[in-house]
Every structure is written in structure tokens, then in C-alpha cells.
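Notes for the structure review
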Amino acid sequence: MARAGLSPVAQPRANDGKPNELDIFLEMEAAVEAALAPLVDDGTLRADALASLGPLVEPPRDPAHGELATSAALALARAARANPRELAARMAMALARDPRVASAEVAGPGFVNLRLAPAAWDDLLVAILAAGAAYGRGAPAGAVLPVNIEFVSANPTGPMHMGHCRGAVVGDALANLLAFAGHEVVREYYVNDAGAQVDVLARSAHHRYREALGEEVGEIPAGLYPGAYLQPVGAALAAEFGDRFRAAPEAEWLPLFRKRAVAAMMDLIRADLQALGIRHDIFSSEAEVLASGAPQAAEAELRARGLVYDGVLEPPRGEPSDDWAPTELPLFRSTAFGDDVDRPIRRADGSWTYFGVDLAYHRAKAARSSAMIDIWGADHSGTVRRIVGAVEALTDGRVPLDVKLVQMVRLFRAGEPVRMSKRAGDFVTLREVVDEVGPGVVRFMMLTKRPEAMLDFDFASVVEQSRENPVFYVQYAHARIRSVERRVAESGIVPVDPPPLARLDADERALVRQLAAWPRTVRMAADAHEPHRIAFFLHEVAAGFHALWNRGNDDPALRLFVPDDPGLLAARLALARATAQVLRLGLGILGVEPAEELR
RNA sequence: GCGUCCGUAGCUCAGCCGGAUAGAGCACCCGCCUUCUAAGCGGGAUGUCGCAGGUUCGAAUCCUGCCGGGCGCGCCA
């Protein structure tokens with residue numbers, strides 16, 4: 001998969017060389033594998049059985065089951081033809097010799113429950129603080145091509161509406177997540193500036209152009225975009241060209257107006273994206289792909305390999321239609337990749353289908369990517385097979401394409417469904433919502449649910465209930481920590497350095513263990529391409545912190561800020577700082593500002 | 001009809017490359033502010049994990065089939 005030597009030099013990272021010692025789960029997994037190594041050596045266990053195992057070490061749900069647990073003995077018992085408990089006992093003995101391990105107990109049918117020495121957790125906390133913003137960050141993959149993530153790609157026919165919002169946020173957060181996990185990432189936007197809808201846009205702009213020239217144009221004709229956002233475009237065209245194209249035949253102005261209107265719409269869209277904190281690295285033009293001859297090249301390659309052939313499709317299912325006639329077309333053999341039927345890449349008149357161009361576009365992207373991710377709306381689910389198949393064919397499977405389908409956002413306004421139709425001009429723009437509730441709330445809302453499930457978004461209720469939005473809960477935890485840091489600074493007290501972490505109590509150590517799961521969460525979320533897991537993790541960390549905080553309400557001795565005990569203060573401050581660090585990193589991936597203060 | 005996604009507490013949802021008594025928020029009940037920011041915390045109550053089979057030592061998680069809902073099923077984009 002990696003194509004060494006083809007890419008720019010990878011950025012060095014702060015934790016270069018030793019990323020794993022900050023990931024206690026990876027560390028303990030290595031220890032588990034080491035404990036199992038004798039079984040591989042004596043032939044009891046096949047190495048591939050061990051390798052095929054999923055996560056070996058997990059945080060147990062029940063604290064009675066230790067701080068870390070592994071079910072490896074259960075999973076491997078069959079392959080090793082061993083009694084799981086006996087296997088677990090051998091593992092436990094080996095693990096107990098690890099200096100970091102305080103206890104390793106066999107439990108239940110064959111779990112091994114681990115507790116680490118308090119000093120091991122203390123060392124980890126020190127390491128977290130030393131790592132700072134690098135904590136949990138993946139080591140760079142080295143000289144490989146970037147992961148390409150294409151998202152938004154809204155048609156350039158108007159400003160962004162809420163239907164685009166979810167894919168935009170999920171794509172951006174996923175890009176942040178992958179970058180944090182150590183990948184080079186390219187954010188790309190595919191501008192559909194070649195289809196019939198941009199001709200409609202050009203005609204709509206021409207209408208506004210005549211309007212700007214003072215012509216009495218009346219109602220916007222059906223079939224044109226009625227949105228007022230085209231008025232400035234018409235005015236700009238009038239200012240630039242005067243009445244030169246007012247009565248000219250369409251052929252004289254259409255390409256020009258199309259180009260100007262698309263450029264104006266992309267400016268609108270870029271501004272909308274910026275309001276959400278989103279910036280793409282590359283904007284690729286469908287028209288340019290078309291003009292470049294890339295589709296012809298892709299067709300030639302696929303024909304040579306027998307994956308494009310001339311054939312006649314079955315008539316469409318259902319109602320017999322008048323305009324259908326059996327025609328021989330160049331077809332991509334998508335049925336070889338699990339599709340229902342083969343798909344035409346050109347029409348009867350020889351022009352390219354959307355798929356024909358998209359295929360060529362993905363071929364070009366694949367040449368500069370180690371992996372590709374497309375974020376699409378769920379209404380495009382029917383086209384996933386063909387494009388995944390095409391990419392597999394064109395890259396011989398070397399460049400994986402993951403098409404993530406983002407389900408619809410159903411918009412409500414005070415319980416009433418809001419219709420969204422560009423044609424009718426009545427849609428809720430992204431900007432309206434962002435301006436009212438803020439980008440952080442919008443982003444967090446979009447990330448607190450799996451993208452493949454539908455999301456109901458009640459405009460009014462989000463505005464009203466924003467105080468109860470989970471984003472505030474996380475930001476509040478961060479703000480509280482900042483507040484204590486300010487207080488310490490103002491007090492002039494110098495916390496003991498190094499902090500005597502041994503003084504942390506059991507409840508405080510529970511939070512350390514939560515923070516220890518951060519690198520694992522990043523790894524797993526990145527591997528699964530699921531940024532929402534970060535949002536849920538942050539909520540858990542915030543909950544852990546708030547619980548500690550409130551102990552101080554009942555008992556002042558349990559407060560973070562204990563001015564008469566600089567040692568204890570230092571230890572608690574260290575924990576709080578590490579917590580704030582993790583919250584900042586997580587919020588950074590989600591693209592949400594970590595509040596310094598919340599009043 | 002076919003494909004795809006969803007179906008877990010009253011509501012909104014986590015958990016899903018199998019693991020030890022199923023979790024959170026909201027709503028409901030009971031407590032906690034002469035305040036390290038109560039936008040918080042503690043406690044209580046709430047579930048045939050859509051249904052039925054199967055695989056397994058073990059299934060909310062994997063497989064099959066149903067049921068219910070969303071989206072899609074053109075040489076559109």
C-alpha cells in the first residue's frame with residue numbers, strides 16, 4: 001500500500017520515536033503477546049491465531065475486574081487446545097513478572113484482570129504532561145501519499161443549506177482525526193460545474209442580469225433558481241458587460257455566465273464553510289476533468305482489461321417508458337464488483353455520464369493518495385458499488401476507497417418539519433443556524449450521533465436548549481480547570497515540583513485511568529473512521545472531572561485548590577492539567593473551541 | 001420487487017472486528033450552593049437490546065429469515 005519515495009517528506013512530530021509508551025493499552029497488549037510467546041514457540045499456538053485477535057486489552061466495565069483486562073486466553077483456548085483458565089493462569093504468571101503490574105488475576109471463565117502499580121500510573125501522568133499537545137498523537141506514517149478525504153462537494157448553485165452540514169462536519173472532523181492519528185491528510189472538494197444544473201444556474205444569473213439592467217423581468221420563471229443570492233451576481237455581470245448580452249442568443253453568453261456564476265457560488269460556499277471552521281486543500285473541477293481527456297484515458301484502460309464493453313442494458317424496471325430504446329452504450333462491468341447492472345459511462349450521443357467523469361476523477365485522485373474517503377449523502381447509496389468497483393479496478397485494489405454515507409438531517413422548527421427545496425427557494429441555510437447557535441454547537445450536535453443514523457435537528461429547540469447541549473458540559477469542565485489555574489497563578493503559591501503524585505486518592509486515580517484511554521480512543525476512532533467516538537469520550541472525561549470537582553463542595557479538603565498544602569495542590573493540579581490537555585485535544589479534533597471561561 | 005441504513009429505558013441516542021450484572025443525556029422523584037463557576041454533583045426509578053432461528057464456552061454485538069421505518073433504485077446530477 002505504501003509507495004515510498006513518492007510523497008513529500010513527512011512532518012516530524014513531537015513524539016517521534018516513542019509513541020507507544022504513552023498508550024498503556026498498546027503497552028499491555030505487547031506484554032500479553034510476550035506472555036503468549038512461549039506458546040507460539042513450543043507450537044501450541046499458531047502465530048497467525050495470535051495476530052488475528054482483535055483488541056487484546058480492554059478497560060473492564062466493572063472496576064472489580066481490575067484496571068485492564070484481557071480475554072485473550074478465552075479467545076485462544078480453542079486454537080491452543082487448552083483449558084482457558086489454565087491458559088489464563090500461565091498468562092497471569094508471566095504478566096505478574098512485569099514490574100508495572102501489581103496484580104494479575106484469573107477470573108471468570110478465563111479473563112486475566114490486571115492492576116498496575118500506582119507508580120506506573122504516576123509515571124504515565126508525568127509522561128502525559130510532558131507530551132502535552134502530542135499526547136495520543138499517532139506517529140507519522142512516513143513517506144507515504146496522503147489520505148484523501150473528499151467531502152461537502154455541494155453543487156455550486158447556491159449557498160450551503162443544512163442538508164450539507166452534517167457531511168461537512170463529519171468530513172472535517174474525520175480529517176482532523178486522521179491527521180491527529182498520524183496520517184497526512186488532503187481535504188478535497190469536487191465541484192460539479194459541468195452538469196445541466198449549472199446551465200440552469202447560468203440562465204438564472206442571466207435573468208438577474210437583465211433585472212440589474214433595469215429590465216422589468218417579473219416573476220422568476222419556473223425551472224430557474226429563485227434565490228435572492230443571485231442578485232449580486234446579476235449586478236456584477238451588468239456592471240462588467242453592460243447590456244451586451246441582454247438580448248444575445250444563449251450560446252453567446254451561457255459558458256461565460258456559467259463560469260462567473262459558479263465562481264460566485266463557490267465564494268458563497270467557501271464563506272459558509274469558513275463559518276464552520278472548514279477549509280479544503282483542493283477544489284477539483286468536474287469541467288476540468290472532462291476537458292482534460294481523463295475520461296477517455298480511463299475508458300481506454302478499462303477497455304483494455306475487459307472492464308468496459310459496448311452493450312445494451314435491460315429496459316428500466318417498472319412502468320414502461322416511451323423515451324427508452326435499446327441502445328448500445330459503453331458499459332463499466334460493475335456487476336463484477338457486486339452491482340446489480342453494468343453502468344454506462346457515456347450516453348447515446350457520446351457525452352460522458354456523471355459516473356464516467358467521476359470514475360476518471362477518482363482515478364486521478366488515487367494516483368496521488370494512499371487511501372481515499374468520500375463523504376456522501378445517503379441519497380447516493382445506490383452509486384457506491386460502481387465507484388468502489390471502479391476504483392478497485394483502476395488501482396488493482398492498492399488504494400482503498402471508503403464511501404461513508406451520511407444520513408439525512410431532518411429539520412424541524414418548533415416541532416414542525418421544515419421543507420428543503422432549492423427550487424422553491426425556501427431552505428434553511430447553514431449560515432442562519434451557525435449565526436444563531438454558533439459553530440461549536442452545530443459541530444458538536446452533528447458529531448454526537450453515528451452518521452449512518454438519521455438525525456433530527458430542531459432549529460428552535462437547539463437555540464433554546466443550547467445551555468443543555470453536551471458541548472457546554474465538556475467546555476465547562478475545561479473552564480473549571482482554567483479557573484483553578486488562574487487562581488493558583490494569582491495566589492502566588494508555587495506548587496511543589498515535581499508533584500508528589502503518590503498523594504492522589506483512589507477517585508483521582510480513576511480519572512488518570514480515563515485519560516490513559518485517550519490514545520486508544522484516537523486509534524480506534526481513526527481506524528473505524530468514526531469521529532463521533534471522540535465526542536462521547538470527551539463527555540465521559542468531563543463527567544469524571546465534574547464528579548471530582550463536586551467532592552470539593554461537600555468537603556473543602558477535597559478541592560483542587562488547597563492553598564495550605566502546596567504538595568497536594570501540585571498533585572491535583574497535575575491531574576487537572578492533564579485532563580484539560582485531553583479535553584483540548586479532543587475538542588480540537590471536533591473543531592470546537594475549548595472555553596477558558598463560562599459564565 | 002431489489003439495494004442500503006436504522007430499529008437498545010417514556011424521549012434522543014452510545015455500546016456492535018462476541019466476553020464477565022446492558023450505559024449516558026433529557027424528562028420524573030429525593031438530596032447537595034454564606035458559591036475552588038450548581039451550565040455541576042450524589043441517589044432513586046425505568047429495558048422481551050424489533051421478532052424468530054442459527055453459530056459459540058459465551059450474542060445487543062456474527063449469520064439466515066421475517067416485521068417496521070428512512071433513503072435510493074434512469075443514458076438525472
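Residues numbered from 1 in each chain as written. Chains lettered and ligands numbered in written order. Predicted model: local features only at pLDDT ≥ 70, side-chain atom pairs only at ≥ 80, totals over all residues. Heavy atoms only, no water.

Structural notes on the overall build of chain A
Looking only at helices and strands, chain A has 21 helices and 15 strands in total. Burial status across chain A gives 49% buried among its 599 residues. The long-range fraction of contacts in chain A, counting pairs at least 24 apart against all pairs at least 6 apart in sequence, stands at 74%. When the accessible surface of chain A is totalled, it reaches about 27600 Å², and 52% of it is carbon and sulfur. Computed over 65 positive and 80 negative side-chain charges, the separation of the two mean positions in chain A equals 2 Å. (Helix = DSSP H or I, 4+ residues; strand = E, 2+ residues; numbered from the N terminus. Buried < 20%, exposed > 50% of the residue type's maximum accessible area, 1.4 Å probe, protein only. Contact = heavy atoms within 4.5 Å. Areas by Shrake-Rupley, 256 points an atom, 1.4 Å probe, with all protein chains shown as cover. Lys, Arg positive; Asp, Glu negative; His and termini not counted. Charge placed at Lys NZ, Arg CZ, Asp CG, Glu CD.)

Some thoughts on the protein's contact with RNA strand B
Around RNA strand B, the structure places 63 residues, and the nearest of them are D62, K449, E452, W549 and R559. Among atoms of RNA strand B positioned within 4 Å of the protein, sugar and phosphate together represent 62%. Y473 has a polar side-chain atom sitting 2.4 Å from a phosphate oxygen of RNA strand B. Here a sugar or linking oxygen of RNA strand B and a side-chain polar atom of Y476 are 2.7 Å apart. Broken down by secondary-structure element, the contributors of at least two residues to the surface near RNA strand B are α3 (72–80), β4 (111–116), α7 (196–212), α17 (470–491) and α20 (532–554). By residue class, the composition of the surface near RNA strand B is 27 nonpolar, 20 polar and 16 charged. (Near = heavy atom within 4 Å. Polar contact = N/O pair within 3.5 Å; in protein donor to acceptor, adjacent residues only side chain to side chain. Nonpolar A, V, L, I, M, F, W, Y, C, P; charged D, E, K, R; others polar.)

Observations concerning empty space enclosed by the protein
Counted according to the given criterion, the structure contains 1 cavity of 30 Å³ or more. Looking at the largest cavity, its volume works out to about 50 Å³. Looking at the lining of the largest cavity, the elements that each hand over two or more residues are α20 and α21 (566–590). (1 Å grid on protein atoms, 1.4 Å probe; cavity = no way out; pocket = protein on both sides within 12 Å on 5 of 7 lines; lining within 4 Å. Points joined across faces, edges and corners; volume = space filled by probe spheres on them.)

Examining the domain arrangement of chain A
Domains assigned within chain A are domain 1 (20–134), domain 2 (147–191 + 280–406), domain 3 (196–275) and domain 4 (469–590). Residue-level contacts link 20 residues of domain 1 with 19 residues of domain 4. Buried surface at the junction of domain 1 and domain 4, summed over both partners, amounts to about 1600 Å²; 71% is from carbon and sulfur atoms. Between R513 and E67 there is a salt bridge, and its shortest N-O distance comes to 3.6 Å. Our count for the contact surface shared by domain 1 and domain 4 stands at 2 residue pairs in polar contact (both at pLDDT 80 or more). For the side of domain 1 that touches domain 4, the secondary-structure elements that each account for two or more residues are α1 (24–41), β1 (57–58) and α5 (118–131). Top contributing element to the side of domain 1 that touches domain 4 by residue count: α5, with 8 residues. Among the residues making up the side of domain 1 that touches domain 4, the classes are represented as 15 nonpolar, 1 polar and 4 charged. (Domains from an automatic or database assignment. Buried area = accessible area lost by both parts, 1.4 Å probe. Salt bridge = Lys/Arg side-chain N within 4 Å of Asp/Glu carboxyl O.)

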